[in-house]
Amino acid sequence: LEAVAARLPQATCDLVAGDPEEALAREIESRDVDLLLMGAYGHSPLRRLIVGSLTTAMMQRCRVPVLLFR
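Scoring rules and cut-offs
Position numbers for residues count from 1 along each chain, tracking the sequence in the order it is written. Restriction of local features to residues with pLDDT of at least 70 applies here, the model being predicted, together with a cutoff of 80 or more for giving and counting side-chain atom pairs; totals for whole chains, interfaces and linings are based on all residues. By convention in this description, side-chain values take in all heavy atoms of the structure and omit both hydrogens and water. Here, nonpolar core means buried Ala, Val, Leu, Ile, Met, Phe, Trp, Tyr and Cys residues that are tied together by side-chain atoms lying within 4.5 Å of each other. Exposure classes here rest on a 1.4 Å probe applied to the protein chains alone. A residue is buried below 20% of its type maximum, exposed above 50%, and partly exposed in between. Note on contacts: a residue pair qualifies if any of its non-hydrogen atoms lie within 4.5 Å across the two residues. Helical segments are the DSSP runs of H or I of at least four residues, strand segments are the runs of E of at least two, and each set is numbered from the N terminus. Between Lys or Arg on one side and Asp or Glu on the other, a salt bridge is scored when a side-chain nitrogen of the former is within 4 Å of a carboxyl oxygen of the latter.

Chemist: Help me get a handle on the nonpolar core, residues and values and all.
Modeler: I28, L36, M38, M58, C62 and V64 together form the largest nonpolar core, which totals 6 residues. Beyond its immediate chain neighbours, meaning those up to four positions away, I28 contacts V33, L36, M58, C62 and V64.

Chemist: I'd like a rundown of the environment of A23, residues and numbers included.
Modeler: Within the secondary structure, A23 is located in helix α2 (residues 20-30). Residue A23 is classed as buried on the basis of its relative accessible area, which comes to 5%. If we skip the residues at most four places from it in the chain, A23 touches V16 and A17.

Chemist: Pulling in residues and values, what's your account of the pattern of salt bridges?
Modeler: Once their charged atoms are close, side chains differing in charge can pair, the charge on each being opposite to the other. Per the counting criterion, the structure on display carries 4 salt bridges. Where E21 meets R61, a salt bridge forms, and the shortest distance between an N and an O atom there is 3.6 Å. One end of the pair, E21, is in helix α2; the other, R61, is in helix α4 (residues 54-61), with 40 residues separating them in the sequence. In this structure E21 comes out as partly exposed when scored by relative accessible area, which is 28%. With a closest N to O distance of 3.0 Å, R61 and E22 form a salt bridge. Taken together, the residues span a long stretch of sequence, with R61 in helix α4 and E22 in helix α2 at a distance of 39 residues. Three or more residues joined by partner-sharing salt bridges are found here, namely D14, E27 and R31.

This is how it looks when you write it as structure tokens:
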């Protein structure tokens, strides 16, 4: 995490415990967030059906722009 923070001095990098969807949504709402940057991984439709997709959930739940990268 320190390596990422060093390369992105304008970004805030923190470790937050909990369910990823809930923890990210809580942090986004409690901070003055302008943009959520997320990595997107391609998964099979069956895996998405069973496990779900954090990326999809965040895009639906967030009230800030979400920038995805692969």
